[in-house]
Amino acid sequence: MTTPGATGLILEEALLFEQSVPDRVGFSLPSADVPTADPKTKLPKNILRQKEAALPEISEVDCVRHFVRLSQQNYCKDVGLFPLGSCTMKYNPKTTEAAARIPGFANSHPLAMPEAMQGNLQLIFELQAYLAEISGMDFVTPWPAAGSHGELTGMLMIRAYHTAKGNPRKKVIIPDSAHGTNPASAAICQYEVVTIPSNKDGILTADAVKAVMDDEVAALMVTNPNTLGIFEENIQEICDIVHKKGGLVYCDGANLNALLGIVKLGEAGIDVLHFNLHKTFSTPHGGGGPGAGPVGVKKKLEPFLPTPLIIKENGTFKVEQNRPQSIGRVKAYFGNFGMLVRAYAYIREFGPEGLKQISEMAVLNANYIRKGLEGDYYLPYSKPSLHECVFNDKLQKEKEIKTLDISKRLMDYGFHPFTIYFPLIVHGAMMIEPTESEPKASLDQFIEAMKKIAKECAENPELVKKAPHNTFRSRLDEVKAAKELKLRWTS
Ligand SMILES: *Cc1c(COP(=O)(O)O)cnc(C)c1O
């Protein structure tokens, strides 16, 4: 078989500090033809270093190679399949990058007067409307900087809503299949988390919600499609139960790339929903930021939206700050505006039909992998999945091989491992999300590698248990790394 990864030309490299040679410099310029002064004689004493900084002294070539090699070690979506379930690592079209670099957008000043940035405001205004249309919500705030920040913003609005009615309430119901950020967001908003189980099909039942729903519950937080990649088909009935007791329903819409053009969650009764622009609308994940996690709400929550609001009055776009019941600002200036430009460009590029096709492809690809590996790996839930599928290591247990071993071995075949040990309700979970952008040939290659590993598990288990073999480093002592963390280089 062929592998997409480079396995031969791997360079072992010393730390920059170890490469350092005293007095070596990274440039060669003629000496100055004007008088120079030692900065130490010009700067105030109190800001001068007591001791020379321990910086590496290396040549320009060594420096450039070091950073280029590091950049190449950073496996990314532009290099190959990155099947992390729940994270949606999909290819982002470069047209959206080009849009974000249009000078009028890229160079606009965050403190410019609204009259001088009508184009930016129009883009934000229209993006809000598109996201509202896609999700079936009434209003959208684009400011939160991540999905989890969207959750916090949404929960703050829910708290403000109940508080305005006289009682913030005490509890938030969250299923055991929830993303870890959900209980964290509820807890930060001072709610007690009540966990409820999903059923044997991996979904929430109306009865489970009914059993704990009372008038102390501020909201139910539910992920749909959930972290098993399964659609919560009882959602409408569940929303009715929560609403009857005066509660609200928060939907974690991080994985909306399974539902575009197919389901509008707002119409199912959802009151608050966040979007992850970096999972669904082509903005880069970018190592933790800057990101955007806009939040959609129903009309009853509109007074509590964060400031500012971008509104349109007599053909002019305005920045509305005067909102007495608002939860206030959640992000400086206009959020991570470049992300909003990318998402806007993506939506305009694909249009309604194209967006629907994105979801159809995401679901098709996940089910292709699911079918392809069924039998080689155990499927704990039999319901068809949407954009991702979850296997576990049950069939490999007999040879004492764990999910971790399988994912390490996958690297030898040139694939980034999938998400492991999440969701927590699946023991030894292998959560695979190929995304819509992956061509069939790469799915076939991945399936072939996984099948080969399944065969190795049966025939040569030691090979798998000691993997990876072709990487810079083999199995690391993760416990030691965590317990004896060493971040500082010392000479
Ligand atoms: C990714 C994800 C989040 C968190 O989003 P961030 O942008 O990483 O903060 C929340 N919920 C679900 C279901 C997710 O997949």
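Residues numbered from 1 in each chain as written. Predicted model: local features only at pLDDT ≥ 70, side-chain atom pairs only at ≥ 80, totals over all residues. Heavy atoms only, no water.

Some details on the packing of helix H13 (residues 403-412) against helix H14 (residues 440-459)
In the contact formed by H13 and H14, the axes pass within 10 Å of each other and the chain directions differ by 125 degrees. In terms of orientation, H13 and H14 fall into the oblique class. Judged by the sense of rotation from one axis to the other, the crossing of H13 with H14 is right-handed. Contacts from Ile406, Arg409 and Leu410 of H13 reach H14 at Phe446, Ala449, Met450, Ile453, Glu456 and Cys457. (Axes fitted to C-alpha atoms, helices over the stretch in contact; angles between N-to-C directions. Helix = DSSP H or I, 4+ residues; strand = E, 2+ residues; numbered from the N terminus. Parallel < 35°, antiparallel > 145°, perpendicular 65-115°, else oblique. Left-handed = near helix turned anticlockwise from the far one by under 90°. Contact = heavy atoms within 4.5 Å.)

A look at the packing of aromatic side chains
What the rule picks out here adds up to nine aromatic pairs. The interplanar angle of 65 degrees and the centroid separation of 5.9 Å between the aromatic rings of Trp143 and Phe334 together place this pair among those described as edge-to-face. With Trp143 in the loop between strand S1 (139-141) and helix H7 (147-164) and Phe334 in the loop between strand S9 (316-320) and helix H12 (337-373), the pair connects residues that are 191 residues apart, well separated along the chain. Ring centres 6.3 Å apart and planes at 85 degrees place the aromatic pair Tyr161 and Phe304 in the edge-to-face group. Of this pair, Tyr161 sits in helix H7 while Phe304 sits in the loop between strand S7 (295-297) and strand S8 (309-313); the two residues are 143 residues apart in sequence, bridging distant segments of the chain. Residue class for Tyr161 comes out buried when judged on its relative accessible area of 11%. One cation-aromatic arrangement involves Arg159 over Tyr191; the distance from NZ or CZ to the ring centre is 4.9 Å. (Phe/Tyr/Trp six-rings, centres within 6.5 Å; stacked < 30°, edge-to-face > 60°. Buried < 20%, exposed > 50% of the residue type's maximum accessible area, 1.4 Å probe, protein only. Lys NZ or Arg CZ within 6 Å of the ring centre and 35° of its normal.)

Concerning the domain arrangement of the chain
By domain assignment, the chain separates into domain 1 (94-350) and domain 2 (359-481). The distance between the C-alpha centroids of domain 1 and domain 2 comes to 31 Å. Taken together, the contact between domain 1 and domain 2 spans 27 residues of the former and 19 residues of the latter. The junction of domain 1 with domain 2 conceals about 1,600 Å² of combined surface from both sides, 61% of it contributed by carbon and sulfur atoms. (Domains from an automatic or database assignment. Buried area = accessible area lost by both parts, 1.4 Å probe.)

Here's the deal with unusual backbone geometry
Residue Pro225 follows Asn224 across a cis peptide bond; omega there is -5 degrees. In this structure, the amide linkage connecting Phe422 to the following residue, Pro423, adopts the cis form with an omega of 0 degrees. With respect to the helices and strands, the residue Pro423 is situated in the loop between strand S11 (419-420) and strand S12 (430-432). Positive phi values are uncommon outside glycine, yet Thr88 reaches one of about 45 degrees. A positive phi angle is found at Glu400, which is not glycine, with a value near 55 degrees. By the secondary structure assignment, Glu400 is in the loop between strand S10 (389-391) and H13. Taking the relative accessible area as the measure of exposure, Glu400 reaches 61% and is therefore exposed.

Side note on the site of the ligand
Near the ligand, the surroundings consist of 14 residues, among which Gly147, Ser148, Asp252, His278 and Lys279 are the closest. A distance of 2.7 Å separates an oxygen atom of the ligand from a polar side-chain atom of His278. Between the ligand and the protein, one listed contact pairs an oxygen atom with a side-chain N or O atom of Lys279 at 2.6 Å. Starting from 390 Å² of accessible surface for the ligand in isolation, the protein chains cover 87%. Contributions of two or more residues to the shell around the ligand are made by H7 and helix H11 (277-280). (Near = heavy atom within 4 Å. Polar contact = N/O pair within 3.5 Å; in protein donor to acceptor, adjacent residues only side chain to side chain. Areas by Shrake-Rupley, 256 points an atom, 1.4 Å probe, with all protein chains shown as cover.)

A few points about the pairing of S8
Two faces make up the sheet, and in a regular strand the side chains alternate between them. Here S8 pairs with S9 via five bridges, running antiparallel. Looking across to S9, one finds that Leu309 is bridged to Glu320. (Pairing = 2+ DSSP bridges.)

Side note on the sheet that holds strand S6 (residues 272-275)
Pairing is mixed in the open sheet, where seven strands are placed in the order S1-S7-S6-S5-S4-S2-S3. Across the chains shown, the open sheet's two edge strands, defined by having one partner strand only, are S1 and strand S3 (192-196). Going from strand to strand, the sheet's axes swing by 25 degrees on average, the running direction of each strand aside. Docked against the sheet, helix H10 (residues 235-244) engages strand S4 (217-223) and strand S5 (248-253), running at close to 145 degrees with respect to S5.

A few points about the pairing of S5
Most of S5 sits out of view: six of its six residues are buried. Covered by surrounding structure in S5 are Leu248, Tyr250 and Asp252 together with Val249, Cys251 and Gly253, the residues of both alternating faces. Crossover connection from S4 via H10 to parallel S5: handedness right-handed. For S5 and S6, the ladder comprises four bridges, and the chain directions are parallel. Across the sheet, residue Gly253 finds its bridge partner in S6, namely Phe275. (Right-handed = clockwise from strand over helix to strand, strands pointing away.)

Section: empty space enclosed by the protein
Taken as a whole and judged by the stated rule, the model has one cavity of 30 Å³ or more. Of the pockets and cavities examined, the largest cavity occupies roughly 30 Å³. What lines the largest cavity is simply Leu228, Ile230, Arg370, Tyr381, Lys383 and Val390. (1 Å grid on protein atoms, 1.4 Å probe; cavity = no way out; pocket = protein on both sides within 12 Å on 5 of 7 lines; lining within 4 Å. Points joined across faces, edges and corners; volume = space filled by probe spheres on them.)

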